Amino acid sequence: MNKKGIAILGSTGSIGTQALEVIAANRSLFRVEVLTAHSNARLLIQQAQKFKPKTVVIGSEKAYQLVYSALAELPIKVLCGSEALAEVVEHPGIDIVLTAMVGYSGLLPTIRAIEAGKDIALANKETLVVAGALITRLAKEKGVRILPVDSEHSAIFQCLVGEAENSIEKIILTASGGPFRGKDRAYLAGVTKAQALKHPNWTMGAKITIDSATLMNKGLEVIEAKWLFDLADSQIEVIVHPQSIIHSLVQFDDGSMKAQMGLPDMKLPIQYALGYPRRLPSDFPRFNFLDYPTLTFEKPDMETFQNLELAFLALKKGGNLACILNAANEIAVEAFLEDRIGFLEISDIIVTAMAKVPFVKDPSIEDYVQTDAATRDLALSLIANSTVS
Ligand SMILES: NC(=O)C1=CN([C@@H]2O[C@H](COP(=O)(O)OP(=O)(O)OC[C@H]3O[C@@H](n4cnc5c(N)ncnc54)[C@H](OP(=O)(O)O)[C@@H]3O)[C@@H](O)[C@H]2O)C=CC1
Ligand SMILES: CC(=O)[C@@H](O)[C@H](O)COP(=O)(O)O
Ligand SMILES: [Mn+2]
């Protein structure tokens, strides 16, 4: 059987390293064609030495020379910069591009990969949040599959196998509630980044971990689900499920519900997307009901955690509003991680950006690029005037 050629964009991150674990355990099925990182030269070199891809790309020019010299003896092409990142996904040996980089940086390489006819294993949810209409339209035109990696969307995708004839009444995305579940705004005003980075169930990159703490992650996932599964906003619900065992649910129009369950481990959805349509055997720890005699559910508190409501608003109004929400959030989360703003200011910045950046009803790719840049400028100016630092 032919091995699938995999490109991992963001191989040094949480998803990227777990994807390489999956590949290492399934060497007869996969071959690594491309690995990319932003600045972590040391890890990228180790990965390249182990997996022998045809090409590696390092985003940072400063790190390029180090990677180039370390891999000089191997038949591996070493490239640098954002154009190389967008170009490398077109290489002929690639069957699937795993988008595991963080944030808006995923958009242009994903568009290029789809245009080149590559299937996408999509972890980078921000791509669909920013430009879901454009991405899904393009994927359809090119006959490209977008295979979800995000655990909730993988759960829904798995529940939908064999259901092509049947209508979805609604989907229910589960949310852990994050480290501040049950807290009020007075408490949130004083929380630190160290507290916010302690996710109750998942070990992930810093940006998504803060998004989970503000409930923006669930907001982004609501928008991601709309585009992946072609749903109306009224068909998407969120329920807080602190144990993160039920990864999400689908209700069909006969009222029946299907859920996908398991211990929280991203290797499973990564493996499902890379192996699709095959389920690959694994030795991952198994879930046991007796270890979890109580699974609980709560309504999300959207008054305290405004970001989820803002995402529903962006979804309802459409146009470039979700792009504005995403850019403002990326800048605000970065500032929070640098102790330049407080936790509650993250939502304040997003609210202001959504009100002030010009609305575009039917955006082109250029409109998205412009909206992203304008929103970042505005958010940075708001942060410069913040009184926290
Ligand atoms: N982690 C998880 O469990 C989950 C993650 N996701 C989504 O997957 C994506 C990746 O998340 P995660 O793995 O946690 O993130 P990490 O921060 O752990 O890793 C990000 C990766 O992207 C690279 N990178 C960072 N900035 C850029 C840039 N500007 N251009 C190109 N590459 C860049 C990093 O390189 P370097 O190491 O050199 O900085 C690293 O390889 C996100 O969109 C997230 O929302 C979805 C579900 C679960
Ligand atoms: C693992 C994964 O898919 C994350 O998106 C996770 O769901 C975050 O947890 P929250 O439910 O706290 O946002
Ligand atoms: Mn998720």
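Worth saying up front: this structure is predicted, and the values here are computed from it rather than measured.

Thresholds applied
- Residues numbered from 1 in each chain as written.
- Chains lettered and ligands numbered in written order.
- Predicted model: local features only at pLDDT ≥ 70, side-chain atom pairs only at ≥ 80, totals over all residues.
- Heavy atoms only, no water.
- Helix = DSSP H or I, 4+ residues; strand = E, 2+ residues; numbered from the N terminus.
- Rg over C-alpha atoms; globule rule 2.2 N^0.38 Å.
- Buried < 20%, exposed > 50% of the residue type's maximum accessible area, 1.4 Å probe, protein only.
- Areas by Shrake-Rupley, 256 points an atom, 1.4 Å probe, with all protein chains shown as cover.
- Domains from an automatic or database assignment.
- Buried area = accessible area lost by both parts, 1.4 Å probe.
- Salt bridge = Lys/Arg side-chain N within 4 Å of Asp/Glu carboxyl O.
- Polar contact = N/O pair within 3.5 Å; in protein donor to acceptor, adjacent residues only side chain to side chain.
- Patch = residues over 30% accessible without salt bridge, like charges linked within 9 Å, V, L, I, M, F, W, Y side chains within 5 Å.
- Lys, Arg positive; Asp, Glu negative; His and termini not counted.
- Charge placed at Lys NZ, Arg CZ, Asp CG, Glu CD.
- Pairing = 2+ DSSP bridges.
- Axes fitted to C-alpha atoms, helices over the stretch in contact; angles between N-to-C directions.
- Near = heavy atom within 4 Å.
- Nonpolar A, V, L, I, M, F, W, Y, C, P; charged D, E, K, R; others polar.
- Phe/Tyr/Trp six-rings, centres within 6.5 Å; stacked < 30°, edge-to-face > 60°.
- Lys NZ or Arg CZ within 6 Å of the ring centre and 35° of its normal.
- Right-handed = clockwise from strand over helix to strand, strands pointing away.

Asker: Summarise the overall build of the protein; cite the residues concerned and give the values.
Answerer: The helix and strand tally for the protein stands at 16 helices and 11 strands. Scaling as 2.2 N^0.38, a compact globule of 389 residues should have a C-alpha radius of gyration of about 21 Å, and the protein matches this with 20 Å. Projected onto its principal axes, the C-alpha positions of the protein cover 60 × 50 × 40 Å. Here the protein holds 389 residues, and the buried ones make up 55% of them. Within the structure as shown, the protein displays about 17,200 Å² of accessible surface, and the carbon and sulfur contribution to it stands at 52%.

Asker: Can you break down the domain arrangement of the protein residue by residue, with the values?
Answerer: When its domains are assigned, the protein resolves into domain 1 (4-148), domain 2 (151-263 + 288-316) and domain 3 (318-389). Placing the centre of domain 2 and that of domain 3 at their C-alpha centroids yields a distance of 23 Å. For the domain 2 and domain 3 pair, buried surface summed over both sides reaches about 1,800 Å², with 72% attributable to carbon and sulfur atoms. When the buried area of domain 2 at its contact with domain 3 is split by residue, Lys193, Leu310 and Ala314 rank highest and sum to 28% of it. Where domain 2 meets domain 3, there are 1 salt bridge. For Asp339, the salt bridge goes to Lys193, with nearest N and O atoms at 3.4 Å. Inspection of the domain 2/domain 3 interface yields 5 residue pairs in polar contact (both at pLDDT 80 or more).

Asker: Describe a positive patch on the surface, and please don't skip the residues or the numbers.
Answerer: Together, Lys3, Arg27, Lys50 and Lys52 make up a positively charged patch on the protein surface. Of note, Lys3 is situated in the segment before β1 (4-9).

Asker: Tell me about the pattern of salt bridges, and please be specific about residues and values.
Answerer: Applying the stated criterion across every chain yields a total of 21 salt bridges. The residue Arg181 makes a salt bridge to Glu298 at a minimum N-O spacing of 2.5 Å. Taken together, the residues Arg181 in the loop between β8 (168-175) and α8 (185-188) and Glu298 in the loop between α12 (267-275) and α13 (306-317) connect sequence positions 117 residues apart. Among the charged side chains, a network of salt bridges with common partners joins Lys125, Asp150, Glu152, Lys218 and Glu221.

Asker: Lay out the sheet that holds strand β3 (residues 55-58) with the relevant residues and their values.
Answerer: Strands sit in the order β4-β3-β2-β1-β5-β6-β7 across an open sheet of 7 strands; the sheet is parallel. The outermost strands of the open sheet, each flanked by one partner alone, are β4 (77-80) and β7 (146-148). Strand-to-strand twist of the sheet, defined as the mean angle between neighbouring strand axes without regard to direction, takes the value 20°. Pairing of β3 with β4 involves 4 bridges; the strand directions are parallel. In the strand pairing of β4, Thr55 is matched with Lys77.

Asker: I'd like a description of the site of ligand 1, backed by residues and values.
Answerer: The full set close to ligand 1 counts 24 residues, and Thr12, Ser14, Ser39, Asn40 and Glu126 are the nearest of them. In the model, an oxygen atom of ligand 1 is placed 2.9 Å from a nitrogen or oxygen of the Ser14 main chain. Between ligand 1 and Ala123 there is a distance of 3.4 Å, counted from an oxygen atom to a backbone nitrogen or oxygen. Look at ligand 1: alone it shows 900 Å² of surface, and the protein chains cover 84% of it. Elements represented by at least two residues in the shell around ligand 1 include exactly α1 (14-24) and α6 (125-142). Looking at side-chain class alone, the shell around ligand 1 contains 10 nonpolar, 11 polar and 3 charged residues. Both of domain 1 (4-148) and domain 2 (151-263 + 288-316) provide at least three residues apiece to the shell around ligand 1.

Asker: Residue-level account of the packing of aromatic side chains, with values.
Answerer: One pass over the structure, following the stated rule, counts 9 aromatic pairs. Each ring, one from Phe157 and one from Tyr272, has its centre 6.3 Å from the other, and the planes form 75°; the classification is edge-to-face. Of this pair, Phe157 sits in helix α7 (residues 151-159) while Tyr272 sits in helix α12, placing them 115 residues apart in sequence. In terms of burial, Phe157 and Tyr272 fall into one category: buried. Here the aromatic rings of Phe287 and Tyr292 are separated by 5.4 Å at their centres, their planes lie at 40°, and the arrangement is tilted. By relative accessible area, Tyr292 is classed as partly exposed at 26%. Put simply, the rings of Phe180, Tyr187, Phe336 and Phe343 pair up and form one aromatic cluster. Above the ring of Trp227, the side-chain terminus of Lys226 is found at 5.0 Å from the ring centroid.

Asker: Any details on the pairing of β3? Residues and values, ideally.
Answerer: Neither face of β3 is left uncovered, since the one carrying Thr55 and Val57 and the one carrying Val56 and Ile58 both have all their residues buried. Following the backbone out of strand β2 (residues 30-37), through helix α2 (residues 41-51) and into the adjacent parallel β3, one traces a crossover that is right-handed. Considered for its hand, the β-α-β crossover made up of β3, helix α3 (residues 61-70) and β4 is right-handed.

Asker: Go over the sheet that holds β8 with me, naming the residues and quoting the values.
Answerer: As summarised here, the arrangement of the 4 strands in space is β9-β8-β10-β11, forming an open sheet in which the pairing is mixed. The two strands at the open ends of the sheet, each matched to only one other strand, are β9 (236-240) and β11 (257-261). For this sheet, the mean inter-axis angle between neighbouring strands, taken without regard to orientation, is 20°. Bridging between β8 and strand β10 (residues 246-252) involves 5 bridges; their strand directions are antiparallel. Among the inter-strand pairings, Leu173 is bridged to a residue of β10, identified as Ser248.

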